[in-house]
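# Secondary and tertiary structure notes
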Amino acid sequence: MTLTRNQVRDLLDRHGLAPSRAMGQNFVVDPNTIAAMVRAAELAPDQSVVEIGPGLGALTRALAAEVHDVLAVEADRHMLAPLAEVADAPNVEIVHADATTTQWRTRLGADSRRWALVANLPYNIAVPLLLELLDNEPRIETFTVMVQQEVAERLVAPVGTKAYGIPTLKVAYWCEARMVRTVPSTVFYPRPRVSSAVVRLERQSAPAVDVDPDYLFTLIRTAFGQRRKMLRRSLSTYLTPDEFAQAAIDPTARPEQLTLDHWAKLVAVASW
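Thresholds, definitions, all that
Residues numbered from 1 in each chain as written. Predicted model: local features only at pLDDT ≥ 70, side-chain atom pairs only at ≥ 80, totals over all residues. Heavy atoms only, no water. Helix = DSSP H or I, 4+ residues; strand = E, 2+ residues; numbered from the N terminus. Buried < 20%, exposed > 50% of the residue type's maximum accessible area, 1.4 Å probe, protein only. Contact = heavy atoms within 4.5 Å. Areas by Shrake-Rupley, 256 points an atom, 1.4 Å probe, with all protein chains shown as cover. 1 Å grid on protein atoms, 1.4 Å probe; cavity = no way out; pocket = protein on both sides within 12 Å on 5 of 7 lines; lining within 4 Å. Points joined across faces, edges and corners; volume = space filled by probe spheres on them. Nonpolar A, V, L, I, M, F, W, Y, C, P; charged D, E, K, R; others polar. Salt bridge = Lys/Arg side-chain N within 4 Å of Asp/Glu carboxyl O. Core = buried A, V, L, I, M, F, W, Y, C linked by side-chain atoms within 4.5 Å. Pairing = 2+ DSSP bridges. Axes fitted to C-alpha atoms, helices over the stretch in contact; angles between N-to-C directions.

### Here's the deal with the overall build of the protein
Counting its secondary structure elements, the protein contains 11 helices and nine strands. Its C-alpha atoms give the protein principal-axis dimensions of about 70 × 40 × 30 Å. In the protein, which comprises 272 residues, the proportion classed as buried is 51%. Look at the contacts in the protein between residues 6 or more apart in sequence, and 68% of them connect residues 24 or more apart. Within the structure as shown, the protein displays about 12900 Å² of accessible surface, and the carbon and sulfur contribution to it stands at 48%.

Right, here's the structure in full:
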């Protein structure tokens, strides 16, 4: 059962706590939102789930009722006691760790177990953490996360739009991605100033394009670092006019006009 707004207040008061804006603590107090996240994750009963930023444990408790085991990674030591109280289940392991560091990942194990990540991610770490996990944690096969709506739009943006950029292309390289639902600020305590959204990423068996990822994202970062410039200017260090022609890419295009396949074509002809 999801904690109500009053129950969250009472629990925090009993432990002498208040939500930390610095740590992005906005607790979900709507059972429909919690249920929708669990459904969107498409979890199997034998699934292992990692949750980052469990806070007061409402989602943790819902996950524990559905899957084999839950690893809850919480950075705020002050939240550990109320979290343990709410998410008191034999299949929940609570780890006090900063999710942006790597020490907690030893808990994922060295066996062949595969994990799903389901989380209401703290806004201040969502994008760098997701991109880093995509690059370095193949044991996590699916990601069902609630983030700021603006961030969600960047993760799944269509080519040619303002939101389309480096995060979009990194997600597209590794995953199939979709926006599940938008989430109003009214379902949180305290209410954030922005709307949120749930996104689901499913890691594919192989990257979407078969090129060196270091070269690929060197080009992408360089071009998007000078987003307003035409590619012939921003990528002049790497590509000649003849190489643009060989790849059949318009050198006067801007970076947001290129799909991942286009970027892969440029990598293939560039003078490395």
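### Notes on helix α7 (residues 166-174)
Of all nine residues making up α7, seven are buried, and the element is well covered by its neighbours. If you check which residues of α7 are buried, you get Pro167, Thr168, Leu169, Lys170, Val171, Tyr173 and Trp174. Packed against the buried residues of α7 are α5 (126-136), α6 (149-155), β7 (175-183), β9 (196-203), α8 (213-224) and α11 (260-269).

### Points about the layout of surface pockets
Size it by volume and the largest pocket reaches roughly 450 Å³. Around the largest pocket, the lining comprises 34 residues; the ones closest to its centre are Gly53, Pro54, Gly55, Asn120 and Pro122. Going through the elements one at a time, β1 (27-28), α2 (31-41), β2 (48-52), α3 (58-64) and β3 (69-74) are the ones with two or more residues in the lining of the largest pocket. A breakdown of the residues in the lining of the largest pocket according to their chemical character gives 22 nonpolar, nine polar and three charged. Around the second largest pocket, the lining comprises 14 residues; the ones closest to its centre are Arg21, Asn26, Arg191, Pro192 and Arg193.

### With respect to the pattern of salt bridges
Under the criterion given, the structure shown has 11 salt bridges. Close ionic contact of arginine 178 with glutamate 42 constitutes a salt bridge, the shortest N to O distance being 3.3 Å. Taken together, the residues arginine 178 in strand β7 and glutamate 42 in the loop between α2 and β2 connect sequence positions 136 residues apart. Assessed through its relative accessible area of 52%, glutamate 42 is described here as exposed. By sharing partners, the salt bridges in this structure join Glu42, Arg178, Arg200 and Glu202 into a single network.

### Some points on α2
Because an α-helix completes one turn every 3.6 residues, residues spaced three or four positions apart along the sequence face the same direction. Residues Thr33, Ile34, Ala36, Met37, Val38, Ala40 and Ala41 constitute the buried set of α2. The secondary structure elements touched by the buried residues of α2 are β1, α3, β5 (115-120), β6 (140-148), β7 and β9. Backbone geometry just downstream of α2 places glutamate 42 in the positive-phi region, at approximately 50°.

### Describing the nonpolar core
Core analysis: the largest hydrophobic core is formed by 61 residues, its most contacted members being Ile52, Trp104, Leu216, Trp263 and Leu266. Examining the composition of this core, we find that seven residues originate from one element, α5, more than from any other. Once residues lying within four places of it in the same chain are set aside, the contact partners of isoleucine 52 are Val73, Ala99, Trp104, Leu117, Val118, Ala119, Asn120, Leu121, Pro122, Leu129 and Leu133. If you look at the next biggest cluster of nonpolar residues, it comprises 24 residues, including Val28, Met37, Ala87 and Ala116.

### A short note on the sheet that holds β6
Taking strand neighbours across the sheet as the criterion, the seven strands line up as β4-β3-β2-β5-β6-β9-β7 in an open arrangement whose pairing is mixed. The sheet is open, and its two borders are formed by β4 (92-96) and β7, each paired with just one other strand. Neighbour-to-neighbour, the strand axes of this sheet turn through a mean angle of 20°, independent of strand direction. Both β6 and β9 contribute to a ladder of seven bridges, which runs antiparallel. Bridged to threonine 142 within β9 is glutamate 202. Sheet contacts for α2: β5, β6, β7 and β9; angle to β6, the most-contacted strand, approximately 150°. Relative to β6, α5 is tilted by about 170°, and along the sheet it contacts β2, β5, β6, β7 and β9.

### Points about unusual backbone geometry
A cis amide bond, omega -10°, links tyrosine 189 with the succeeding residue proline 190. Along the chain, proline 190 turns up in the loop between β8 (188-189) and β9. Not every positive phi belongs to a glycine, and glutamate 42 is a case in point at roughly 50°. One non-glycine residue, alanine 248, adopts positive backbone phi at about 60°. Secondary-structure assignment places alanine 248 in the loop between α10 (241-246) and α11.

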